Amino acid sequence: NAGVTQTPKFQVLKTGQSMTLQCAQDMNHEYMSWYRQDPGMGLRLIHYSVGAGITDQGEVPNGYNVSRSTTEDFPLRLLSAAPSQTSVYFCASSSSLAGNTIYFGEGSWLTVV
Amino acid sequence: AQSVTQPDIHITVSEGASLELRCNYSYGATPYLFWYVQSPGQGLQLLLKYFSGDTLVQGIKGFEAEFKRSQSSFNLRKPSVHWSDAAEYFCASGAGSYQLTFGKGTKLSVIP
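**Focus on the overall build of chain B**
For step 1, the next point in the chain: Helix and strand counts for chain B stand at zero helices and twelve strands.
For step 2, the next point in the chain: The linear arrangement of helices and strands in chain B, starting from the amino end, is β-β-β-β-β-β-β-β-β-β-β-β.
For step 3, the next point in the chain: Over its C-alpha atoms chain B spans a radius of gyration of 13 Å, differing by no more than 12% from the 13 Å that the globule rule assigns to 112 residues.
For step 4, the next point in the chain: Considered along the principal axes of its C-alpha atoms, chain B spans approximately 40 × 30 × 20 Å.
For step 5, the next point in the chain: Taken over 112 residues, chain B has a buried fraction of 44%.
For step 6, the next point in the chain: When contacts within chain B are restricted to residue pairs at least 6 apart in sequence, long-range pairs at least 24 apart make up 52% of them.
For step 7, the next point in the chain: Put simply, chain B shows about 5,300 Å² of open surface, and 49% of that area lies on carbon and sulfur atoms.
For step 8, the next point in the chain: Where the 9 positive side-chain charges of chain B centre and where its 8 negative ones centre are 5 Å apart.

**Quick notes on the interface of chain B and chain A**
For step 1, the next point in the chain: Counting residues at the interface gives 18 residues for chain B, matched by 19 residues for chain A.
For step 2, the next point in the chain: Of the roughly 1,600 Å² buried where chain B meets chain A, counting both sides, 59% is carbon and sulfur surface.
For step 3, the next point in the chain: On the surface where chain B and chain A come into contact, there are zero salt bridges.
For step 4, the next point in the chain: Taken together, the links from chain B to chain A amount to eight residue pairs in polar contact (both at pLDDT 80 or more).
For step 5, the next point in the chain: For the side of chain B that touches chain A, the leading source of residues is strand β5 (residues 32–38) of chain B, giving four residues.
For step 6, the next point in the chain: In terms of residue class, the side of chain B that touches chain A is made up of nine nonpolar, seven polar and two charged.

What counts, and at which threshold
Residues numbered from 1 in each chain as written. Chains lettered and ligands numbered in written order. Predicted model: local features only at pLDDT ≥ 70, side-chain atom pairs only at ≥ 80, totals over all residues. Heavy atoms only, no water. Helix = DSSP H or I, 4+ residues; strand = E, 2+ residues; numbered from the N terminus. Rg over C-alpha atoms; globule rule 2.2 N^0.38 Å. Buried < 20%, exposed > 50% of the residue type's maximum accessible area, 1.4 Å probe, protein only. Contact = heavy atoms within 4.5 Å. Areas by Shrake-Rupley, 256 points an atom, 1.4 Å probe, with all protein chains shown as cover. Lys, Arg positive; Asp, Glu negative; His and termini not counted. Charge placed at Lys NZ, Arg CZ, Asp CG, Glu CD. Buried area = accessible area lost by both parts, 1.4 Å probe. Salt bridge = Lys/Arg side-chain N within 4 Å of Asp/Glu carboxyl O. Polar contact = N/O pair within 3.5 Å; in protein donor to acceptor, adjacent residues only side chain to side chain. Nonpolar A, V, L, I, M, F, W, Y, C, P; charged D, E, K, R; others polar.

Fair warning: the whole summary comes from geometry, so function is off the table for now.
Okay, structure coming up:
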């Protein structure tokens, strides 16, 4: 049972490049979310999904795209990276059928230069 | 919009002293409430959670939190702090587990 797996763990991008942060969970959770963490800001919700085919915006969605074609995967796409997107990204999953316990991935450290 | 306030950015306590970290939330109904701890460069570890029922919640590592609806608070407590408790602590709330609002965190330093 791997839980929530995020890849890559570290990435350096140049301004304007695009990339995808991968998130996969093997617990059949219906809920998945992406957060970013910046110093002094706590975690802020980027996008979330309540099931396959359903996504919605969180607090800071601009510059990010998501899709949920399967229950297991919830990739986060940076369309044109900007230095302001330098952050640590966390993926999370949970299920109402499993007590709403939230499982977080280990984080992805992204630097945009 | 929901908000979570952690009024203390940094707290320093002596080892063995008691600890209380404050958290206030804004939400009309009873939200899902969580406390997480994070060591530098690490991920988030759940200390405890409250959804409903008994307002005093016991968590891991000797932590507890009390939900007070009248004060919109969910303060975290520990009777005796250990040096290994030094970390950053985050309070979070949400209408559901997929849509959390986090506080900005309280950094705890422990003096030996």
